[in-house]
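Here is how the chains run, residue by residue.
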Amino acid sequence: MEFIIFTLVQALWFGVISWKFYVAADRKAWEAFVPVYNTYVLVKIADRPWYWVLLYCIPVVGVVMGIIMIYELLHVFKFRKTWQTAAVMGSLGLYLGYLNYKEKLKYWGREDAYIKKNLGEGVNSIFFAIVVATVIRSTTFEAYTIPTSSMEKSLMVGDFLFVSKMHYGVRIPMTQLSLPLVHNRIPFLGTPSYVSWPQIPYLRLPALEDVKAGDPVVFNYPMDAMPVDKKENYVKRCVGTPGDTLTIVDRTVFLNGDAFKFPDNSYPQFLYYIKTDGTSFNKDWLKKKFDINYLTSDEQRKYPTDQDVYQRSQNEYIMFLQERHVDAIKSLPAVKSIWPISAERPGTATDSTLPAGLLQIQAGQAEEILFPNPDTGHGERPYNDTWDNFGPIYIPQAGATIELTEKNLHSYRRVIAEYEGHDLKITKDRKVYIDGNESTTYTFEKDYYWMMGDNRHNSLDSRKWGYVPSDHIVGKPVFIWMSYDKHGEGLAKIRTDRVFTLVNANGERTSYFWYFVVFVVLYQIVITIRRKRKAA
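Being a predicted model, the structure only gives us computed values, none of them experimental. Starting afresh in each chain, residues are numbered from 1 along the sequence in its written order. Two thresholds apply to this predicted model, a pLDDT of at least 70 for residue-level local features and 80 or more for giving and counting side-chain atom pairs, whereas whole-chain, interface and lining totals are computed over all residues. With hydrogens and water set aside, each side-chain value is computed from the structure's full complement of heavy atoms.

(A) Just the overall build of the protein chain, in detail. Only DSSP runs of H or I covering at least 4 residues are called helices, and only runs of E covering at least 2 are called strands; the numbering of each starts at the N terminus. A tally of helices and strands in the protein chain yields 15 helices and 23 strands. A principal-axis box enclosing the C-alpha atoms of the protein chain has dimensions of 95 × 85 × 40 Å. Each accessible area is a Shrake-Rupley result for a 1.4 Å probe, and residues are judged covered by the shown protein chains and nothing else. On the protein chain, roughly 27700 Å² of surface is accessible, and the fraction owed to carbon and sulfur atoms is 59%. The charge count treats Lys and Arg as positive and Asp and Glu as negative. His and the chain ends do not count. For charged residues, the charge sits on one atom: NZ in Lys, CZ in Arg, CG in Asp, CD in Glu. For the protein chain, the distance from the average site of its 62 positive side-chain charges to the average site of its 57 negative ones is 10 Å.

(B) Representation of the pattern of salt bridges within the structure. We define a salt bridge as a contact between a side-chain nitrogen of Lys or Arg and a carboxyl oxygen of Asp or Glu at a distance within 4 Å. With the rule as written, the count across this model stands at 26 salt bridges. In this structure, the salt-bridge partner of Glu 368 is Lys 464, at a minimum N-O distance of 3.4 Å. Placement of Glu 368 in the loop between helix H12 (356-366) and strand S14 (390-394) and of Lys 464 in helix H14 (residues 462-465) is noted, with a sequence separation of 96 residues between them. Buried means the residue's accessible area, taken with a 1.4 Å probe over protein chains only, is under 20% of the maximum for its type, while exposed means over 50%, and partly exposed covers the values in between. Take Glu 368: its relative accessible area is 30%, and that puts it in the partly exposed class. Overall, the relative accessible area of 27% leaves Lys 464 in the partly exposed class. Ionic contacts of the salt-bridge type, sharing partners, join the residues Asp 159, Lys 287, Asp 291, Asp 485, Arg 495 and Arg 498 into one network.

(C) Expanded view of the sheet that holds strand S17 (residues 432-434). Whether two strands pair depends on DSSP finding at least two bridges between them. Read from one edge to the other, the open sheet built from three strands follows the order S16-S17-S18, with strand pairing classed as antiparallel. Two strands lie at the open edges of the sheet, namely strand S16 (424-426) and strand S18 (437-438), each paired on one side alone.

(D) Broad picture of the side chain of Lys 153. Note on placement: Lys 153 falls in the loop between strand S1 (141-145) and strand S2 (159-164). Polar contacts, as counted here, are pairs of nitrogen or oxygen atoms within 3.5 Å of one another; within protein the pair requires one atom able to donate a hydrogen and one able to accept it, and residues that are adjacent in sequence qualify only if both atoms are side-chain atoms. A polar side-chain atom of Lys 153 sits 3.3 Å from a polar atom in the side chain of Glu 152. The residues contacting Lys 153, other than those within four sequence positions of it, are Tyr 267, Gln 269, Asp 291, Asn 293, Asp 308, Gln 322 and Arg 498. Residue contacts are counted whenever heavy atoms from the two residues lie within 4.5 Å of one another.

(E) Structural detail: the pairing of S1. With burial as the criterion, only one face of S1 is covered, namely that bearing Glu 142 and Tyr 144; the residues Phe 141, Ala 143 and Thr 145 on the opposite face remain uncovered. Of the pairings in the sheet, the one linking S1 to S2 comprises five bridges and is antiparallel in character. Bridge assignment links Ala 143 to a residue of S2, and that residue is Phe 162.

(F) Representation of the packing of helix H4 (residues 61-76) against helix H5 (residues 82-90). One can describe the packing of H4 onto H5 by two numbers: an axis separation of 10 Å at closest approach and a directional angle of 130°. As the angle between them shows, H4 and H5 are arranged oblique. Between H4 and H5 lies a crossing of right-handed hand. Within the contact between the two elements, H4 uses Ile 67, Ile 70, Tyr 71 and Leu 74 and H5 uses Gln 84, Thr 85, Val 88 and Met 89. Residue composition of the contact of H4 with H5, grouped by class: six nonpolar, two polar and no charged. Simply put, an axis is a line fit to the C-alpha atoms, just over the touching stretch for a helix, and the angle between two N-to-C directions goes from 0 to 180 degrees. Roughly parallel covers angles under 35 degrees, roughly antiparallel covers those over 145, roughly perpendicular covers 65 to 115, and oblique covers all other angles. For a crossing to be left-handed, the near helix must be turned anticlockwise from the far one by less than a right angle; the clockwise case is right-handed. Polar here means any residue other than Ala, Val, Leu, Ile, Met, Phe, Trp, Tyr, Cys and Pro, which are nonpolar, and Asp, Glu, Lys and Arg, which are charged; Gly is therefore polar.

(G) Representation of the sheet that holds strand S9 (residues 258-259) within the structure. Pairing is antiparallel across the open sheet formed by four strands, whose spatial order is S9-S8-S7-S14. The strands lining the two open edges of the sheet, one partner per strand, are S9 and S14.

(H) Summary view of unusual backbone geometry. Here the residue pair Phe 371 and Pro 372 is connected by a cis peptide bond, since its omega of 5° sits within 30 degrees of zero. Looking at the element boundaries, Pro 372 is found in the loop between H12 and S14. A cis amide bond, omega 10°, links Gly 391 with the succeeding residue Pro 392. Checked against the element boundaries, Pro 392 lands in strand S14. In this structure, Asp 26 is a non-glycine residue whose phi angle is positive, near 65°. As for its placement among the helices and strands, Asp 26 is situated in the loop between helix H1 (2-24) and helix H2 (37-45). Of the residues examined, Asp 26 reaches a relative accessible area of 73% and is grouped as exposed. Phi is positive for Phe 188, which is not a glycine, with a value near 75°.

Below, the structure is given as C-alpha cells:
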C-alpha cells in the first residue's frame, strides 16, 4: 500500500512541476499526472527509445534513469547548463517547477551533436554502464566475497564468488530509493545508501530450482533492523527446508530422522582437543599439509576469526579440523590423544575419564544461550540445547498450522510478529492474542529455512538466531573466480586449485583457469592474424 501511495504522490508532484513542459511539446497537461504513462510520454518528448520506460520502472535503476530523464527534458527545451540539472535534483524538483511556471517554454527538440560536444561520450557511457551493471547485478549474478571463516573449508575467507540470483528466483528490489552498485553503506562515508520509505511489496520471479538441504545460500541476515533487501548478506549452508524437523545429536544433524549428508566439495570442520608430549606443532607444515592457520599472537589479534589452533598449555591444544584430517593428526609422533569437542546438554552426566581441560571447554559451550531460548540476560532456558546437541525443532512451512504453547512461543514469536507482521501480545496469564484475537493455533504464511556454517564451532547461525524467511533468500553461490589467502606466502597467496572452480560441482574440484588462459591466448592469436590479413 505504501508503494502505491508513494507512486501516486510522486506522479502528482511531477505533474504539478512539469505539466507546462508537456503542453509546450504539444501533449496534454493531464498526461504529466498519470503514473508510468507520464514516463512513456516523457520518453517520447525527449526522443529516446521506448525501452527506457522499462528501465525507469526498475527499482534502483530508476534513480539513475530519473537523473538522465531530467537532463533530457531540460535539453529539449534548451535549459542545457549542467547546474540546471543539478538544481532540479538538489531541490527535489522545485527548480523544475520554477521553470514550469516562470519561464516561457519552447520545445526545440533533441540535438545529438550538442550533447556529444558539451556533455561528451564519456559521461553518456558512464551513465549507461551504471544502468547496465545495476540491471545485471539485480537480475543475474552478483560478485560476493567471503568475509569470515564460518564456512571453512568449503567456502574460504578470500574466496571471490559469483552468486546467481536466478537459481532461486530473482527477487525484485524492495527498497526503491537506493544508490546503485552499493549494498547498504556509502563507501568511505559509512552512511546508509538508501531511503527506507517506500518499500515495494515482496515479489520473486520464477525460480530455476528450489532451495534444497545441502545448498550453500546467500541470504539477508534476519536479525538486522533494516529493510529486508538492505540487511547484511550472509552465506551459510541450508541444512533444513520448510516442513522439516531438525535434530543435532553429538554434532550430527538429522533431518526427519535421517542423517544429513554433505554434498561433494564441502568440508565441515569441528573443534578437537589434543594432548601432546609437549612438542610444538610445526606451523609451516600444518599450513602446507592441511591449510591449517596456526597464527602468531600478532596475526591472531589482526585476524581473530582466522585462527585454527589454540595452545592452552605446554601439551594441550584445541584445533579446528576436517574429519578427513583427524587420523593424520592423530598419527603424529608428538600427539598422544585426540578427542572431539561435543557439548552435552546441561545436566547430562559427564565422563570423569576425560581430561579436565576438555570437560571445562565443553561445559563452557553448554552454558551458551541458543535459539529458541529468550535472550533476556536472566538465564532463562526452556530449551536445554547446545551447539552439538540441539532440537528437535520444526522448520515452519507456509500453510502449516501449529498449536501455540507457552514453550513453543519462544520459537515462533519472531516469526509471527516480525517476519509475518502481526500484532502479537501475551498476557500475564499466558494467553496469546494475534491482531487482537485470542489464538491457540497459528498458520504460517511464509516458508522458512535453517542455515548453518560448515565450520560448526566457529559459526553464528540458525542455532543462535533461528529461522531464515523465504523473502530473505538472495541467491546461490555458483562460481569461484578468485581465491586469495592472506596467510599464504608469495605465489601461494593465490589458491590456484580454487580459481575458476564451480561451487556445487560433483566429484573432485576442477579448476578451469588454465583452460580460460588457453582460450584467451588462442583468441588473441586469431584476432592478430585477422588484423594482419586485413592490413595486407
